[in-house]
Amino acid sequence: MRFANYEGRATIVVTETTGVDVETVSNGKFGPDPAEVLGHWEVFVDWARNADLTGPTVAIDRSRLGPPSPEPTQVFAIGLNYSEHAAESGFEVPDRLPPVFTKFQSSLTGPYTTVALPAGGNTDWEVELVAIIGRVTRAVSEVEAWSCVAGLSVGQDISERVSQLAGPAPQFSLGKSFPGFSPFGPWLVTPDEFANPDDLEIACEIDGEEVQRGRTSELIFNVPQLISILSRQVTLYPGDLIFTGTPAGVGVGRDPQRFLKPGETLHSWIPGIGEIKQTFVATT
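Described below are features of the structure shown in this document. Model, not experiment: these values are computed from the prediction. (Residues numbered from 1 in each chain as written. Predicted model: local features only at pLDDT ≥ 70, side-chain atom pairs only at ≥ 80, totals over all residues. Heavy atoms only, no water.)

## Structural notes on the packing of aromatic side chains
Right, on to step 1. Evaluation of the coordinates by the stated rule reveals nine aromatic pairs.
Right, on to step 2. Relative to Trp-47, the ring of Phe-44 lies with its centre 5.8 Å away and its plane at 35 degrees, an arrangement referred to as tilted. With a gap of three residues between them, Phe-44 and Trp-47 both fall in helix α3 (residues 41-50), about one helical turn apart. Trp-47 carries the same exposure label as Phe-44, and that label is buried.
Right, on to step 3. Through successive ring pairs, a cluster of aromatic residues spans Phe-3, Phe-30, Trp-41, Phe-44 and Trp-47.
Right, on to step 4. A cation over an aromatic ring shows up here: Lys-103 above the ring of Phe-243, its NZ or CZ 5.9 Å from the ring centre. (Phe/Tyr/Trp six-rings, centres within 6.5 Å; stacked < 30°, edge-to-face > 60°. Helix = DSSP H or I, 4+ residues; strand = E, 2+ residues; numbered from the N terminus. Buried < 20%, exposed > 50% of the residue type's maximum accessible area, 1.4 Å probe, protein only. Lys NZ or Arg CZ within 6 Å of the ring centre and 35° of its normal.)

In structure tokens:
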């Protein structure tokens, strides 16, 4: 199942261009708020498996898609989770616990956006698989972890490196949380839609030039491991997000370094989930 936030309303995606409104097709059993539906995800999925979804359809204009989980209690972002990215960043590969930071909720957007580049900064790209939590999760094993996932999305951990690396200690969360710096979507895809949700292609390009490509099977800590690790220390809630890390190819790791410029478009995708696109403009 593909679940979307379309114009602020919970929507089940039927085709690439059509969907059904959840409140309408459920005869009011579920309300229109995507966050509320995620809060009752297991009940919703049980209903959706047997529901008649042949009701009136809505045409999906992708520019009107919002973040699939618009109000997460927590947003976790994982650093150095691909070996080659750790190497290009000048760090050792983490062996027991990955670096964890947050991206503030105010930076979340839907999949098709225009992003203002902070003045005086060096803004970088990081394509990521995003896991969305589907139930209250505490101290689960890796074997149980996929059952805690509502679905997967494509995300970008856009990063302003000057702010991020300003001393005396790095400011990862602030440097990665400017307005529009956490786009994800285009929708949530439930894990059962994939032959192997632990092995997905992931890539992005700038104006048609590919800059990153990898597979999620290359993650040092995969989705079940991350959920197990995080849930041993904190409680995860429905709608929470985990940006799982980025493969090699970011701008700060290049020689010479490269950063996003006004007028450029960043196109990111994971086959089986979809694509997101960000166009960058100068701060006015």
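Next comes the rest of the write-up.
## Some words on the pattern of salt bridges
Right, on to step 1. For the structure shown, the criterion picks out 18 salt bridges.
Right, on to step 2. The residue Arg-9 makes a salt bridge to Asp-21 at a minimum N-O spacing of 2.7 Å. Placement of Arg-9 in strand β2 (residues 9-13) and of Asp-21 in strand β3 (residues 18-21) is noted, with a sequence separation of 12 residues between them.
Right, on to step 3. Judged by its relative accessible area of 10%, Asp-21 falls in the buried class.
Right, on to step 4. Here Asp-124 ties to Arg-161 by a salt bridge, and the two come within 2.9 Å at their closest N and O atoms. With Asp-124 in strand β10 (residues 123-124) and Arg-161 in helix α6 (residues 161-164), the pair connects residues that are 37 residues apart, well separated along the chain.
Right, on to step 5. Classification of Asp-124 by relative accessible area gives buried; the value is 0%.
Right, on to step 6. The network of salt bridges with common partners includes Lys-103, Asp-124, Glu-126, Asp-157, Arg-161 and Lys-176. (Salt bridge = Lys/Arg side-chain N within 4 Å of Asp/Glu carboxyl O.)

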